[in-house]
Amino acid sequence: MSKGQKIKVVSIERGNKEFTKLFDGKWVPKYHVRPETYGTIDELNSFLGMARAVTKDKTVKRILLIIQNHLFVIGSDLALSGKDRSALKGEITQKEVDWLVRLPEILGP
Amino acid sequence: MHHLFYPQSVVIIGVSAEQTNLGRNIVENLDRFSFQGEIYLFGLKEGRLNDRAIYSNVEEIPGSPELAVILTPARSIPEIIDVCGRRGIRWAVIESGGFSEYSKDGGQIEQQLVRIARKYGIRFVGPNCIGIMNLDNGMVLPFALMDHAMTRKGSISLVSQSGGIAASVMKLFSCENLGFNKFISMGNKIDLNENDYLDYLIKDPKTSVIGLYLESISDGRALMHLAMGTDKPIILLKANTSPGSHQIARFHTSALAGDNDICVAALAQAGIHRVHTLTGLIEHFKVFLLPPMNGPNLAVIGRSGGHGVLAADAAATYGFALPQISKKVLDFVQSRIRSGVIHMTNPLDLGDVFGISYYIDILEAVLKEKQINGVLLMQNYTRIIEMEDIRKHIRAIQEISQRYGKPVATCFLTDRSEFFEFKTATDFPLFIEAGSALEALAASYQHATRRRKDVFPIISLKRRIPSSEGTFLAGPEEVFARFKFWGLPMADFRLVQDLETALLAANEIGYPVVLKIATAKVLHKTEMKGVKIDIQDGHALKAAFKEMEEHFLSTFSGEELKFLIQKMVPNSLEIIVGSKYDPEFGPVILFGLGGIFAEVLRDVAIRVAPVSEDQAMEMINQIRGSALLKGFRGKPPADVEALLRILMTFSRILIDYPEVYELEINPLLVLGKGQGCVVVDGRIRFNQVASNIDGKEGGFYS
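Description of the structure in this document. (Residues numbered from 1 in each chain as written. Chains lettered and ligands numbered in written order. Predicted model: local features only at pLDDT ≥ 70, side-chain atom pairs only at ≥ 80, totals over all residues. Heavy atoms only, no water.)

### Concerning the overall build of chain A
When you go through chain A residue by residue, the secondary structure sums to three helices and two strands. The buried share among the 109 residues of chain A stands at 39%. Pairs at least 24 apart in sequence give 41% of the contacts found in chain A among residues at least 6 apart. With the model as given, the accessible surface of chain A reaches about 6800 Å², and the carbon-plus-sulfur share is 59%. (Helix = DSSP H or I, 4+ residues; strand = E, 2+ residues; numbered from the N terminus. Buried < 20%, exposed > 50% of the residue type's maximum accessible area, 1.4 Å probe, protein only. Contact = heavy atoms within 4.5 Å. Areas by Shrake-Rupley, 256 points an atom, 1.4 Å probe, with all protein chains shown as cover.)

### A word on the sheet that holds strand E4 (residues 52-55) of chain B
All names here are of chain B. Read across the sheet, seven strands follow the order E3-E4-E2-E1-E5-E6-E7 without closing on themselves; strand pairing throughout is mixed. Strands at the two margins of the open sheet, each flanked by one partner only, are strand E3 (47-49) and strand E7 (123-125). Each neighbouring strand pair of the sheet contributes to a mean axis angle of 30°, computed without reference to strand direction. One ladder, built from three bridges, connects E3 with E4; its direction is antiparallel. (Pairing = 2+ DSSP bridges. Axes fitted to C-alpha atoms, helices over the stretch in contact; angles between N-to-C directions.)

### Things to note about the sheet that holds strand E16 (residues 348-349) of chain B
All names here are of chain B. The sheet built from four strands is open, its strands ordered E16-E15-E17-E18 with parallel pairing. Because the sheet does not close on itself, it has two edges, and the strands there are E16 and strand E18 (408-412). In this sheet, E16 lies alongside strand E15 (residues 298-302) in parallel orientation, the contact comprising two bridges. The residue of E16 that forms the bridge with Ile301 is Leu348. Here helix H10 (residues 305-317) sits on the sheet and contacts E15, E16 and strand E17 (374-379); the angle it forms with E17, its principal contact strand, is near 145°.

### Considering the pairing of strand E13 (residues 234-238) of chain B
All names here are of chain B. The buried fraction of E13 amounts to five of the five residues, a majority that puts the element mostly inside the structure. Alternating positions in E13 separate into two faces, Ile234, Leu236 and Lys238 on one and Ile235 and Leu237 on the other, with burial throughout. The pairing of strand E12 (residues 209-214) with E13 spans five bridges and is classified as parallel. Counted as the bridge partner of Tyr213 is Leu237 from E13. For the crossover from E12 across helix H7 (residues 220-228) to E13, the handedness is right-handed. Bridging between E13 and strand E14 (residues 273-275) involves three bridges; their strand directions are parallel. Bridge pairing in E14 links Ile235 to His273. (Right-handed = clockwise from strand over helix to strand, strands pointing away.)

Encoded structure:
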């Protein structure tokens, strides 16, 4: 994803004027979608951090850290949405997306 | 958990026909409160208690009870739970004491109990508690006899870590004629804890207000998460708040927050109303039975100038405004007064108005005023008025308050012969004085106006609480590389080991530069003569380098020294952003102005991480020194937007990277509006899990 491109929140159904339904079935106020999204990303990232800490497999450790770093950048992007994001140094490009897609292939069966 | 509070059948274990047996009190309570489910009794000896059989063989108990209530010696309980498990019982209330609260042996019995309960999937209350009460179905389980005439069913529910406190709150409920719905005495809470009960009560349609008495918090982040997801008011009386000795602060900023400071900040962040006394708890319960206070504008109506003055002071203390009452209403009041010697204003002094019915007319006229959000009504009666009139009068106040959807906090004070008659005249809550009533009304205002956008995901980290043992400070190379990766704006820097590379680095960065010693062993660089600022040229750098090298070679003889050459940032406002790992609430973020502000004046804002945009802005506005950030005495305003971004990013690092035990940016320089912030220095303390993380493999240095 190139810098400046908006991240779309997936699986949001049409709701009423004030609430929207997330893909896990939870209804949230519309203004709550963005923090809910990067909160969820942080939750996933925290979990990956624990997984990285407990695994003894160096390859898995390395892959998890890379994914974590990507998620941190995405989270920062979402957290600062609508604000001047010039402070952000990292960005997620097509290269990172391609790497993630090819990951099962890299890891093998 | 519905089966725990609404079982179809209950077995009381530990019953005998002896007069001194406590188990029989539980049976008596169930009868007194007309529990409609089946009641079975179990004891060591077969027998009868009134018209019920006491079984001594568990196989003989007919049916299959949903809930077991156990009051037998601690050592017998693991086996009883095993029997319950085999009979298919999945819920238990264990009231007996003698477990971990009593002795080491008791602690072992407790562990055995947990193992057996888990084997069968049994969930239980206690041990070491007085049980639970549900007035909705008459399931009253305390082993002390309860007086049915002294209790009233209502919509307040209480969870208490102490049976004694629960009992006292029940007495206060009786004195205040307040109704409750469910009471839970949690005891040692080794299985079900406050969050399990809170989750249930939040969903319970019969509960509208929840009270908690806690001496310890099982999982602070889970508690916050639950509180943030409900509109029901939660009032917490938290005891045992003196600072713990287990946490040894190592960084400046971590020492700035005591355990109680963090607890205060976390509860406020979650919208939980904290009280400090039992009477405070009761006053809050009463206020939350009234319609919500939707704004800050209060009208005070009373019969005494003195009470009006006290009320005006209390209104100011708790952040209420006393707006002008319209001329139309004041004219209406004038038409009801006798002598006309009292000046009409807000507080409205009705000392000159006689006739109880006029009060209701005036109250309604005031409540109709659009600018008024609620009323403090102070009634001082004499005994010449009939009780029936009083009853009618209170009912009229209650009806009118509900009709206009605005709270009327009504204070009545009379002599002891009438006091409880007043209290029991209706189910409308009455207060004694303005101060305590307005303190609680302020909580209602806070609750009603809590901005929805502040609701922010707090992730439970219970399973990853790191130990402070084995933590270690990261070296400057790691710290700066991490800061750079996380997107924190750094003053340009190079790590060097000798004078030659130092001079090259300074030329690349451009003078003026700063020279610093770069080792994790020097915590306070300035005090240790490890910082030289404003170095203007190579000649000055050469002198400074030699001096510093000589100084530290004598301190760390035999060690390889590293130095940092950093771009000199123009003089600007210094900020400290730090963190602390709290055993109850996990990572918290601290923010304050540098210099004496944070460290001497302890002017810091604390939040549980992560923080939303609104919460970060609240942190900035909260500190007393925030005026300096907004421009003060001709100084230009600082880049608050940039600071906001740093606070949010910082708080997310604490969540996303579990190896970060403590983190500090000190100082962070905030430049003028639109010019951003610059991180000058900082520290990271990793916990044990970080020891097997190789940053180089992950690309931190790429």
